[in-house]
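Coordinate inspection notes
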Amino acid sequence: MILNESYTLSNGVQIPKLGLGTWFIDDDKAADAVTEAVAIGYRNIDTAQAYNNERGVGEGIRASAVPRDELFVSTKLAAEIKDYDDAAAAIDGSLATLGLDHIDLMLIHSPQPWNDFRGGDYAEGNREAWRALEDAYKAGKLRSIGVSNFEQRDLENIDQSCTVAPQVNQLLIHAGNTPTELIAYSESKSILPEAYSPIAHGEILQNPDIQAMAARYEVTVPQLCIRYTLQLGTVSLPKSANPEHMRSNAQVDFVITDDDMDLLRNLRARDYGDNSVFPVYSGK
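Residues numbered from 1 in each chain as written. Predicted model: local features only at pLDDT ≥ 70, side-chain atom pairs only at ≥ 80, totals over all residues. Heavy atoms only, no water.

The name an unreviewed UniProt entry assigns to the protein chain is Diketogulonate reductase-like aldo/keto reductase, from the organism Nocardia transvalensis. UniProt, in its Sequence similarities (unreviewed entry) section for the protein chain, records the words "Belongs to the aldo/keto reductase family." (UniProt positions renumbered as here; feature names shortened; annotations may be inferred.)

Pasting the structure below:
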């Protein structure tokens, strides 16, 4: 079962292949979503400072019946933080808000602040934020560190001065949007790609080509999309507060053929509906 499978990061830390994304889950509902997910069998929970639900996620982690060392908790440094002191303070802030003595993975959420996504040059600021993550990692506050939404030039910038290389790059990856070259570059640097929004924030449910392929495999469209990202070799992070959806999202023990993987890899489907207002979907 996929919930029992994991990857090994470059530093030897194990990360479950399937996780629970918590974007758009309100703080007062996050604890219940996390405890439900853990009861179903999820061991990988992903949040962020920008989601404003770290408190609830931490409550759910602490309330679960599973020992803390069996759970993998990720969060992200706010994209606007581009200096060492603010980053160091924010790392401690996440630990306090989550109510945990360590975080399993912490990422820089974006190489640019959201109001300038894919805009200006924040190279030095990213190196400073990364240095804060490195120091927290060396202090044992973080078990692994990485980045999110980083393109090749952003990774190369970190590589110039880092003493600990990024172990993860969390990216928008789904059938219809597969950054093949960036995935390959990340893997060449022993950086594990993670796929957020593997179901394209829901809009892909209406895609007739995806619907037809899912029907051939006798699975749902979300199951097909999640399986696709797993077969790409990424961690898949579907978002849901619905226990039935959580269960269904984990029922992906089938194999997509090589030919169908090629079709999905080459598909272009980037309609995110009302969610196109978010920089990660609009690209600006």
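Let us keep going from here.
Moving on: the UniProt feature "active site" (unreviewed entry) in the protein chain. As recorded in UniProt, the feature "active site" (unreviewed entry) lies at Tyr51. Relative to the elements of secondary structure, Tyr51 occurs in the loop between β4 (44-46) and α2 (54-63). Classification of Tyr51 by relative accessible area gives buried; the value is 15%. Tyr51 has contacts with Thr22, Trp23, Asp46, Lys76 and His109, leaving out every residue within four places of it along the chain. (Helix = DSSP H or I, 4+ residues; strand = E, 2+ residues; numbered from the N terminus. Buried < 20%, exposed > 50% of the residue type's maximum accessible area, 1.4 Å probe, protein only. Contact = heavy atoms within 4.5 Å.)

With that settled, the discussion passes to the pairing of strand β6 (residues 105-108). Here β6 shows a buried face lined by Leu105 and Leu107 and a second buried face lined by Met106 and Ile108. As paired elements, strand β5 (residues 72-77) and β6 share four bridges and run parallel to each other. Residue pairing in the sheet places Thr75 in a bridge with Met106 of β6. For the crossover that starts at β5, traverses helix α3 (residues 84-98) and ends in the parallel β6, the hand is right-handed. Where β6 lies against strand β7 (residues 145-148), three bridges are found, and the strand directions are parallel. Looking across to β7, one finds that Leu107 is bridged to Gly146. A crossover connection joins β6 to the parallel β7 through helix α4 (residues 123-138); in handedness this β-α-β unit is right-handed. (Pairing = 2+ DSSP bridges. Right-handed = clockwise from strand over helix to strand, strands pointing away.)

On to the packing of helix α7 (residues 208-217) against helix α8 (residues 221-231). The interhelical angle for the contact between α7 and α8, taken along N-to-C directions, is 90°, at an axis separation of 9 Å. With respect to each other, α7 and α8 are oriented roughly perpendicular. Listed contacts from α8 to Ile210, Gln211, Met213, Ala214 and Tyr217 of α7 are Val221, Leu224 and Cys225. (Axes fitted to C-alpha atoms, helices over the stretch in contact; angles between N-to-C directions. Parallel < 35°, antiparallel > 145°, perpendicular 65-115°, else oblique.)

Right, let's talk about the UniProt feature "site: Lowers pKa of active site Tyr" (unreviewed entry) in the protein chain for a bit. Here, UniProt's "site: Lowers pKa of active site Tyr" (unreviewed entry) annotation points to Lys76. Along the polypeptide, Lys76 turns up in strand β5. The contact partners of Lys76, leaving out residues within four places of it in the chain, are Asp46, Thr47, Ala48, Gln49, Tyr51, Met106, Leu107, His109 and Gln170. In this structure the side chain of Lys76 is engaged in a polar contact, spanning 2.7 Å, whose partner is the side chain of Asp46. (Polar contact = N/O pair within 3.5 Å; in protein donor to acceptor, adjacent residues only side chain to side chain.)

Here we come to the pattern of salt bridges. In this structure the tally under the stated criterion is 14 salt bridges. Its salt-bridge partner being Lys141, residue Asp92 comes within 2.9 Å of it at the nearest N-O pair. Of this pair, Asp92 sits in helix α3 while Lys141 sits in the loop between α4 and β7, and the two are 49 residues apart along the sequence. The class of Asp92 is partly exposed, set by a relative accessible area of 36%. With a relative accessible area of 30%, Lys141 lands in the partly exposed category. Salt-bridge contacts for Glu151 lead to Arg153; the nearest nitrogen and oxygen are separated by 2.8 Å. Taking relative accessible area as the criterion, Glu151 reaches 26% and is therefore assigned partly exposed. For Arg153, a relative accessible area of 48% gives the class partly exposed. (Salt bridge = Lys/Arg side-chain N within 4 Å of Asp/Glu carboxyl O.)

Attention now goes to the packing of aromatic side chains. Summed over the entire model, instances satisfying the criterion amount to eight aromatic pairs. Between the aromatic rings of Trp23 and Phe278, the centroid separation amounts to 5.2 Å while the plane-to-plane angle is 75°, which identifies the pairing as edge-to-face. Of this pair, Trp23 sits in the loop between β3 (20-21) and α1 (27-40) while Phe278 sits in the loop between α10 (258-266) and α11 (279-282), placing them 255 residues apart in sequence. Its relative accessible area of 18% is what places Trp23 among the buried residues. Of the aromatic side chains, those joined through ring pairs into one cluster are Trp23, Phe24, Tyr51, Tyr272, Phe278 and Tyr281. The aromatic ring of Tyr7 is capped on one face by Lys17, whose charged end is 5.0 Å from the ring centroid. (Phe/Tyr/Trp six-rings, centres within 6.5 Å; stacked < 30°, edge-to-face > 60°. Lys NZ or Arg CZ within 6 Å of the ring centre and 35° of its normal.)

On to the packing of α7 against α10. It is at 12 Å that the axes of α7 and α10 come closest, and there the two elements cross at 160°. Here α7 is positioned roughly antiparallel relative to α10, judged by the angle of their axes. You can see that α7 and α10 cross each other, and the crossing is left-handed. For the pair formed by α7 and α10, the contact residues are Ile210, Met213, Arg216 and Tyr217 on the first element and Asp260, Leu263 and Leu264 on the second. Class assignment for the residues of the contact of α7 with α10 results in five nonpolar, no polar and two charged. (Left-handed = near helix turned anticlockwise from the far one by under 90°. Nonpolar A, V, L, I, M, F, W, Y, C, P; charged D, E, K, R; others polar.)

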